[in-house]
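# Fold and geometry: a report
The primary structure of each chain is shown beneath.
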Amino acid sequence: MVLFGLASIGLNTAIAYATVGSRVVSIVTGLAFCLVFMVVVRLLHRAMWLSLLSFLPALFVLVGSVGLAPDLALEQRGVRQEVTIVDAEVAGKRHTFTLRGDDGPLDEPLTYQGSNPGYRIGDTLTVLTDPDGVVALEEADRVDSSGTLGSLVLGGIGWTFIALLAGWRGHVRRREGRFDTLVI
């Protein structure tokens, strides 16, 4: 079960990197892996509480595996540019900023989802752009593959601990002849 968890992490991260332009694919496969892990924990442990507890590391695994690919792509092949914000549009909580670099306006805007972006017209910032146009441009300070890798490792450690606990507890229950299902 530990190997299944670690293989799921690696496979979903590889899927996220292969489909770096579309996060939907890696989110769906990641959710499927997380649900399968929860079911296997439930079958081994014979109690729902540990299966539900495995959902917390699953969130770290999902966020880490999905977020690592775009950050790595921008760090590996991204082009660093100094830009100036020349225009801003707001639609609800979606802020779209038009940028101008040394060579003129950028084709791709900087988008921010939230209530307070912290950017103003005239601000100068450094962005990373994907020359292939697959990954959305991002402010250079916000690209951090080590943070998403840390989330992925933390989720993997959590899954490993839960898998070992589930296997040990299930083994003890079966050895003692207690096959009834526990709710707690």
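Going by the structure above, here's the rest.
Residues numbered from 1 in each chain as written. Predicted model: local features only at pLDDT ≥ 70, side-chain atom pairs only at ≥ 80, totals over all residues. Heavy atoms only, no water.

This brings us to the pairing of strand β4 (residues 110-113). Side chains Leu110 and Tyr112 project from β4 onto a buried face, and the interleaved Thr111 and Gln113 project onto a face without burial. Pairing analysis gives four bridges linking strand β2 (residues 94-101) to β4, with the strands arranged antiparallel. Its bridge partner being in β4, histidine 95 is matched across the sheet by tyrosine 112. (Buried < 20%, exposed > 50% of the residue type's maximum accessible area, 1.4 Å probe, protein only. Helix = DSSP H or I, 4+ residues; strand = E, 2+ residues; numbered from the N terminus. Pairing = 2+ DSSP bridges.)

What follows covers the pairing of β2. Inspection of the sheet shows strand β1 (residues 79-91) paired to β2 by seven bridges, in the antiparallel sense. Considered in β2, the bridge of alanine 88 is made with phenylalanine 97. Hairpin remark: β1 followed by β2, antiparallel, with two residues in the connecting loop; positive phi at glycine 92, about 70°. Judged from the two bridges that link them, β2 and strand β3 (residues 104-105) form a sheet pairing that is antiparallel. Bridging from a neighbouring strand, arginine 100 pairs with proline 105 of β3. Hairpin connection between β2 and β3: a loop of two residues separates the two successive antiparallel strands.

Here the focus is the environment of glutamine 113. Within the element layout of this structure, glutamine 113 appears in strand β4. Residue classification places glutamine 113 among the exposed residues on the basis of a relative accessible area of 56%. With 16 residues separating them along the chain, glutamine 113 and phenylalanine 97 place their C-alpha atoms 12 Å apart. Setting aside anything within four residues of it in sequence, one finds glutamine 113 in contact with Lys93 and Arg94. (Contact = heavy atoms within 4.5 Å.)

Formed by 13 residues in total, the largest nonpolar core has its most connected members in Phe37, Val41 and Trp159. Top contributing element to this core by residue count: helix α5 (residues 145-175), with five residues. Those residues within four positions of valine 41 in sequence are excluded, and the remaining contacts are Met1, Arg46, Leu50, Ser51, Ile162 and Ala166. Among the nonpolar cores identified, the runner-up in size contains 11 residues, and Ile85, Phe97, Leu99 and Tyr119 belong to it. (Core = buried A, V, L, I, M, F, W, Y, C linked by side-chain atoms within 4.5 Å.)

To continue, consider a nonpolar patch on the surface. Judged by side-chain polarity, Phe55, Leu56, Leu59, Phe60 and Leu154 come together as a nonpolar surface patch covering roughly 460 Å² of accessible area. Counting residues per element, the nonpolar patch draws most heavily on helix α4 (residues 55-77), which supplies four residues. Mapping leucine 59 onto the fold places it in helix α4. Of the residues examined, leucine 59 reaches a relative accessible area of 37% and is grouped as partly exposed. (Patch = residues over 30% accessible without salt bridge, like charges linked within 9 Å, V, L, I, M, F, W, Y side chains within 5 Å. Areas by Shrake-Rupley, 256 points an atom, 1.4 Å probe, with all protein chains shown as cover. Salt bridge = Lys/Arg side-chain N within 4 Å of Asp/Glu carboxyl O.)

Purely geometric stuff here, so don't read any function into it on its own.
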